[in-house]
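# Observations on the model geometry
Here are the chains, one letter per residue:
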Amino acid sequence: MLKAGVYLQLAPVLFGKGTSEQAGAKARELGISKAMLISDKGVLEAGITKRIASIVENAGIETVVWTEAETDCPDDTVSTAAKLAKDEHTDGVIGIGGGSVLDTAKAVAAVAANDDTVLEEIPLYLTGQKQYGKHPLPILEIPTTAGTGSESTFVSVVTSSKLDCKIGLPVAPDYGIVDPELTKTVPADITAYTGMDALAHAVEALVEKKATPHSDLLAYEAIRLICKYLPRAVENGADEEAREHLAFASNLAGISFNESGTNIGHSAAHAVGHVQHIPHGICCSNMTPPVIRFASKTYPDKMKKIALLFGMNISSEKISEIGNMTAEAVRKFAADLGIKTFRELGVSREELVSLKNIIYKDALCHAYGGAVTEQDIEELLISAYMDGE
Ligand code: NAD
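Residues numbered from 1 in each chain as written. Predicted model: local features only at pLDDT ≥ 70, side-chain atom pairs only at ≥ 80, totals over all residues. Heavy atoms only, no water.

Here the structure, examined in full by the defined rule, presents 5 aromatic pairs. Note on Phe294 and Tyr368: the rings are 5.1 Å apart at their centroids and 45° apart in plane angle, and the pair reads as tilted. Highlighted residues: Phe294 in helix α12 (residues 280-295) and Tyr368 in the loop between α16 (356-361) and α17 (374-386), separated in sequence by 74 residues. The same class applies to Phe294 and to Tyr368, which are both buried. Ring geometry for Phe310 against Phe333: centres 5.2 Å apart, planes inclined by 90°, an arrangement best described as edge-to-face. (Phe/Tyr/Trp six-rings, centres within 6.5 Å; stacked < 30°, edge-to-face > 60°. Helix = DSSP H or I, 4+ residues; strand = E, 2+ residues; numbered from the N terminus. Buried < 20%, exposed > 50% of the residue type's maximum accessible area, 1.4 Å probe, protein only.)

See below:
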């Protein structure tokens, strides 16, 4: 019998080459007359921010362009941008960038409609104990990396200065435009680690409590596409076919984990990334093989299917063999893409293990579709460290 579950379709997504040309028309459909455009320096230098700004302006929409978004969406940057959005009386937000920018845009939309207390009370919003007094401003998200799927997820991952950690603020986008053309300027290393972030979303979505046959389907297809096209895009950023399929895979993985969820891998990745200042995708990449080894105990068939997508037919029924062989395939895939291990990045075993309490206390960790003990987390972290040997 198929498992019952909610099939969550969050916001429409316009997908395809050249679709960013419709940014102005879509913003108008959202009722935006003066848009706060959120972007960052890298996307600005790639020439994307100004191009989208003129498309939006040509549709008769006034713009306020702010390109100071920072990696991992620090709450003080959200506060600064939201103040500008308020002062300028903007009535909608357009995010143009990678996950850090898209998350900043979501959080700005919530804070600009309300006030900075939103940022101080993120846990209350996350647990549903508090609702926004005023609905966030309309949000149009235009990703320029193929990784986070944030254009299709209900959350903005904010770095909270008060809590000294990364935490999810629930804010849903209203519309997404996924134009693979915009990802062609992403450098090879960022292509690799954003692609591995999308892979981690898909793998963790398969082993989440809320996983459904629908979220599984999207996750498997995302894994298949990433496996096939990520090495090509890293090798040659101008490979349009690879970029297109990766942009699609990233969005599929986003829809999948928005319906299902991420869990132990992302919980650990957030903690390591925050403390060690390592990019999110690298942390996710390093945590995926340990997650697969761990999840093979509960989900051996799903792990076998991942192995199959990586071109390996595992005939063994032994859980340890299924876990180790699948994890090794993913570890080697990441290594071939040039992604450094925690050990290569200078993180010690002790530093990793010291994060086990933070991870164990994180609710995200327990969204895994099975029991998780503190000992399991320690083993997961040691496993991530040993992968660097
Ligand atoms: P990023 O947004 O931090 O961008 C990485 C770098 O790539 C930046 O320097 C940026 O300027 C540059 N860049 C982006 N697009 C470019 C382009 N087209 N050409 C040239 N350079 C470009 O990286 P990311 O991996 O996309 O996002 C990571 C963030 O997303 C993390 O904070 C993570 O927590 C968050 N995230 C959010 C969700 C969600 O559902 N909300 C999901 C996963 C990750």
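What follows is about the state of the cysteines. A complete count under the given rule lists 0 disulfides for this structure. Note on Cys73: no disulfide assigned, nearest cysteine sulfur contributed by Cys165 at a separation of 13 Å. Assessed through its relative accessible area of 0%, Cys73 is described here as buried. Free cysteine: Cys365, not disulfide-bonded; nearest cysteine sulfur from Cys165 at 14 Å. Classification of Cys365 as buried rests on a relative accessible area of 0%. (Disulfide = S-S within 2.5 Å.)

Core analysis: the biggest nonpolar cluster contains 70 residues, and Met196, Ile264, Phe310 and Phe342 have the highest contact counts within it. Of all the elements in the fold, those that place two or more residues in this core are α8 (188-206), α9 (213-235), α10 (240-259), α11 (264-276), α12, α13 (300-309), α14 (319-336) and α17. Sorting elements by how many residues they give to this core places α9 first, with 12 residues. With sequence-adjacent residues up to four places away left out, Phe342 is seen in contact with Val272, Ile278, Cys283, Asn286, Met287, Val347, Leu352 and Ala384. By size, the runner-up hydrophobic cluster in this structure holds 31 residues, among which are Ile38, Val93, Val118 and Tyr125. (Core = buried A, V, L, I, M, F, W, Y, C linked by side-chain atoms within 4.5 Å. Contact = heavy atoms within 4.5 Å.)

In the region of the ligand, 28 residues are neighbours, and Asp72, Gly99, Ser100, Thr144 and Thr153 sit closest. Thr185 is positioned with one of its side-chain polar atoms (N or O) 2.8 Å from a nitrogen atom of the ligand. Sorting the residues of the shell around the ligand by element identifies α2 (41-45), α5 (99-113), β6 (155-160) and α8 as the ones contributing at least two each. Looking at the shell around the ligand, its residues break down into 9 nonpolar, 13 polar and 6 charged. (Near = heavy atom within 4 Å. Polar contact = N/O pair within 3.5 Å; in protein donor to acceptor, adjacent residues only side chain to side chain. Nonpolar A, V, L, I, M, F, W, Y, C, P; charged D, E, K, R; others polar.)

The next subject is the side chain of Thr159. Of note, Thr159 is situated in strand β6. One polar contact links the side chain of Thr159 to the main-chain carbonyl oxygen of Asp72, over a distance of 2.6 Å. The contacts of Thr159, once residues within four sequence positions are left out, are Asp72, Cys73, Pro74, Asp75, Cys165, Lys166 and His274.

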